[in-house]
Amino acid sequence: MELKKITDGLSVSGQIQIDDLAKLAKRGFRSVICNRPDGEAADQPTHDEIEAAATQAGLRFLYLPVTPGIVTEETATLFREALTELPGPVFGYCRTGTRTTTLWALAMAKEKSVVDILAATKAAGYDMTGVARRIANGGVTPTDSVEDASYDVVIVGAGAAGVAVASSLKSRKSDLDIAIIDPADIHYYQPGWTMVGAGVFDAQTTAKTMGSLIPRGVHWVKSAVAAFEPANNAVILDGCRVVKYKRLIVCPGLKLDWAAVDGLEETLGKNGVTSNYRYDLAPYTWKLVQEQKGGRAIFTQPPMPIKCAGAPQKAMYLSASEWEKQGKLGNMDIQFMNAGGVLFGVKDYVPALEEYVKRYDAKLNFFHNLIAVDGPNKTATFKVAKPDAEPETVTVEFDMLHVCPPQCAPDFIKVSPLVDAAGWVDVDQVTLRHKTFDNIWSLGDVMNAPNAKTAAAARMQAPVVAANIAADIDGKGPQAGYNGYGSCPLTVEKGKIVLAEFGYGGVLLPSFPKWALDGTKATRRAWILKEQILPPVYWKAMLRGKEWMIKPEKIIAK
Ligand SMILES: Cc1cc2nc3c(=O)[nH]c(=O)nc-3n(C[C@H](O)[C@H](O)[C@H](O)COP(=O)(O)OP(=O)(O)OC[C@H]3O[C@@H](n4cnc5c(N)ncnc54)[C@H](O)[C@@H]3O)c2cc1C
């Protein structure tokens, strides 16, 4: 008997034997539900025999048989009532545990979210994707009276990647029927937030209404995707609407996991705690920088992967640059707390960055991972896990704290059948096609190719996915390959940038010849690029399918 815990109140397993009942009682269970009809297999004890052993062991017993493949609403309701009425914790079983788990998933559909239910069952080893629609519909089988919407291509997420790939596809195949699903009213140019935190851009210039950016001829389904049914070529929206596709592109970005740091959420935006990772907080960074007269400023970086791996230190350099300009730098104690062990992942850029670390007299603290913040008392607690040393916890006082939050795949992605063990969408890193499902592609922050998660990467990936989908429609194999290009303009001082551009394995992929712009040095030209050229390139080229300087590499059939 291998027990799988669904919640504190319910565990399940496959078929049990008579002598298991005493063991269950010993492990603290107080009730048993049998969901397997008698007589399914020759070696199966009847429910009467199980009930007798349960009673003898002091356990309550309920027989609630479920025919395989037919989990009715009535039985799910009875299961729900049993969970309330029977003393817990409850143990349930059928042949494999799947029917019991399905009953629980449907029984909970009215009180828990689809994502929470899929997460709990997936953690126990049961895939409930097959009943995701019913869960999304409150446990009730959706009626077929409304026909499912259906498109040639469905795109999940209208961020940097989603809008760019929709435009790139339309420019290749104008007659394609494309829908893009996103619940957001506003689309953000997130790379601009570093500049907002330094008082260079107004926050408003980094936001536009979503409606104004959806490419002409593309349908915008203003809703959130709750679950995936790749076997039926369908996605399920919040509220149980179903959207069908011939081909699917998954690009809903990543999740900023603020809640993973104790005490952080309640103090963000006050007590000197800020983050350029949120539109509404980046202006607070600039306010704090201007207000500091002296004291300790801490800049944190969580474990990888994160989007724009340079952004945590960019905030530090630009703040220090301002303090230097105002003649306050000597009064500041600047601390960079990095969960990782290096300043930047591609070594060619590190010497230029180290010069600035020295210039600003910033202290680099590696292997320091932020785990808690006490806003009112202005302290930050770090787990320090240096190689070859016992992990320890240190608490440090601060006057200003800039936090880059821990990051992971969105919850509805993590619980889907599309992901690798770490929860990211599992793609071929060259073609960006899903490794298991042939008609699914993914790009942007959500997928697992080992590139730097940046808008610059999404800009390069969009034509690759568009070209490969267009080829697939024409009955051809993949035509375009992604080389892992990503870019990180490291704003080392106001007016100068170290422009990191690299691909898979840290190979340098500069866009310009060295004489025009040497990315390994801090240059004024790179600053002009970031300040004046890249924003219009984003809004007017990338999001509109104009693929300037980003011709995908051709895949040569062997
Ligand atoms: C502070 C900061 C600085 C940065 N600096 C740079 C930089 O200098 N250069 C650079 O290239 N990149 C930079 N980036 C990173 C860049 O912004 C991201 O890598 C890029 O936006 C990723 O694009 P995406 O489309 O994958 O995700 P996003 O742009 O985050 O878009 C995801 C979209 O999916 C939608 N979505 C989410 N859940 C659902 C759902 N359930 N159903 C449907 N839709 C959903 C969201 O509403 C959103 O519109 C920076 C980011 C930050 C935060």
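Residues numbered from 1 in each chain as written. Predicted model: local features only at pLDDT ≥ 70, side-chain atom pairs only at ≥ 80, totals over all residues. Heavy atoms only, no water.

A. Structural context of the overall build of the protein chain. Scanning the protein chain from terminus to terminus reveals 14 helices and 29 strands. For 558 residues, the compact-globule estimate of 2.2 N^0.38 gives 24 Å, and the C-alpha radius of gyration of the protein chain, at 27 Å, lies within 12% of that figure. Taken over the C-alpha atoms alone, the protein chain extends approximately 85 × 60 × 45 Å along its principal axes. A buried classification covers 55% of the 558 residues belonging to the protein chain. Put simply, the protein chain shows about 23,900 Å² of open surface, and 51% of that area lies on carbon and sulfur atoms. The average position of the 62 basic charges and that of the 61 acidic charges among the side chains of the protein chain differ by 7 Å. (Helix = DSSP H or I, 4+ residues; strand = E, 2+ residues; numbered from the N terminus. Rg over C-alpha atoms; globule rule 2.2 N^0.38 Å. Buried < 20%, exposed > 50% of the residue type's maximum accessible area, 1.4 Å probe, protein only. Areas by Shrake-Rupley, 256 points an atom, 1.4 Å probe, with all protein chains shown as cover. Lys, Arg positive; Asp, Glu negative; His and termini not counted. Charge placed at Lys NZ, Arg CZ, Asp CG, Glu CD.)

B. Here's a closer look at unusual backbone geometry. At the junction of G88 and P89, the peptide bond is cis and its omega measures out at 0 degrees in the coordinates. Residue placement: P89 occurs in the loop between α3 (73-85) and β5 (90-93). Residues M304 and P305 are joined by a peptide bond in cis, for which omega reads 0 degrees. On the secondary structure map, P305 appears in the loop between β16 (295-301) and α10 (311-325). Phi at N233 is positive, roughly 50 degrees, even though this residue is not glycine. For N233, the location among the structural elements is in the loop between β11 (225-229) and β12 (234-237). Its identity is not glycine, yet C308 carries a phi of approximately 50 degrees, on the positive side. Relative to the elements of secondary structure, C308 occurs in the loop between β16 and α10. You can call C308 buried: its relative accessible area is 19%.

C. Representation of the sheet that holds strand β17 (residues 332-338) within the structure. Taken in spatial order, the five strands of this open sheet run β15-β22-β16-β17-β18, and their pairing is parallel. Single-partner strands in this sheet number two, and they are β15 (273-274) and β18 (363-366). Pairing of β16 with β17, which is carried by seven bridges, proceeds in the parallel orientation. Bridged to F299 within β17 is F336. Each of β16, β17 and β22 (400-402) is contacted by α10, which is oriented at about 155 degrees to β16, the strand it contacts most. (Pairing = 2+ DSSP bridges. Contact = heavy atoms within 4.5 Å. Axes fitted to C-alpha atoms, helices over the stretch in contact; angles between N-to-C directions.)

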